[in-house]
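Coordinate analysis (summary)
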Amino acid sequence: MSKPLKKPKNLSLEPSAIARGERYARLHGTSLSSLVSDYLAALPLGSPGAIQSPAVRRLYGSAAAKRGRREPGRAEYRDHLARKHGVA
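About the thresholds
- Residues numbered from 1 in each chain as written.
- Predicted model: local features only at pLDDT ≥ 70, side-chain atom pairs only at ≥ 80, totals over all residues.
- Heavy atoms only, no water.
- Helix = DSSP H or I, 4+ residues; strand = E, 2+ residues; numbered from the N terminus.
- Buried < 20%, exposed > 50% of the residue type's maximum accessible area, 1.4 Å probe, protein only.
- Areas by Shrake-Rupley, 256 points an atom, 1.4 Å probe, with all protein chains shown as cover.
- Expected span 1.5 Å × (residues − 1).
- pLDDT = per-residue confidence, 0-100.
- Patch = residues over 30% accessible without salt bridge, like charges linked within 9 Å, V, L, I, M, F, W, Y side chains within 5 Å.
- Salt bridge = Lys/Arg side-chain N within 4 Å of Asp/Glu carboxyl O.

1. Structural notes on the overall build of the protein chain
Scanning the protein chain from N- to C-terminus turns up four helices and zero strands. Along the protein chain, from the amino end to the carboxyl end, the secondary structure elements read α-α-α-α. Across the 88 residues of the protein chain, 2% fall into the buried class. Per element, the accessible surface of the protein chain, about 8,700 Å² overall, is 57% carbon and sulfur.

2. Some thoughts on helix α1 (residues 15–27)
Its 13 residues place the ends of α1 18 Å apart at the C-alpha level, agreeing with the 18 Å of an ideal helix rising 1.5 Å per residue. Immediately beyond the C-terminal end of α1, within one or two residues, lies G29, with a positive phi of roughly 65°.

3. Some points on the environment of V36
Within the secondary structure, V36 is located in helix α2 (residues 32–42). Each C-alpha atom of the pair V36 and G21 lies 8.8 Å from the other, and the pair is 15 residues apart in sequence.

4. With respect to the confidence of the model for the protein chain
Here the protein chain averages 79 in pLDDT, while 70% of its residues score no lower than 70. The spread of mean pLDDT over the elements of the protein chain runs between helix α3 (residues 54–64), the lowest at 64, and α1, the highest at 94.

5. A short note on a nonpolar patch on the surface
A cluster of nonpolar side chains, contributed by Y39, L40 and L43, occupies part of the molecular surface with about 310 Å² of accessible area. For L40, the position within the fold is in helix α2.

This is the structure:
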């Protein structure tokens with residue numbers, strides 16, 4: 001199976017972003033073009049609330065572990081705030 005042809009594209013990037021990207025690419029044995037291409041390929045095209053970054057995925061995973069519990073209602077949340085802030 002052959003690789004798809006690559007299409008050259010000019011991008012305007014901040015010099016500091018280019019330097020950081022080149023350093024990251026060098027440390028990881030890849031190229032800046034590959035980094036940008038991989039990032040763009042990973043962008044979700046579905047719903048606007050789709051999970052995007054690894055950091056968000058980690059946070060989502062920790063929240064997903066709590067799914068079995070019932071979410072507190074509005075009244076319970078107000079009670080919690082009243083206790084927390086000493087409001088009667």
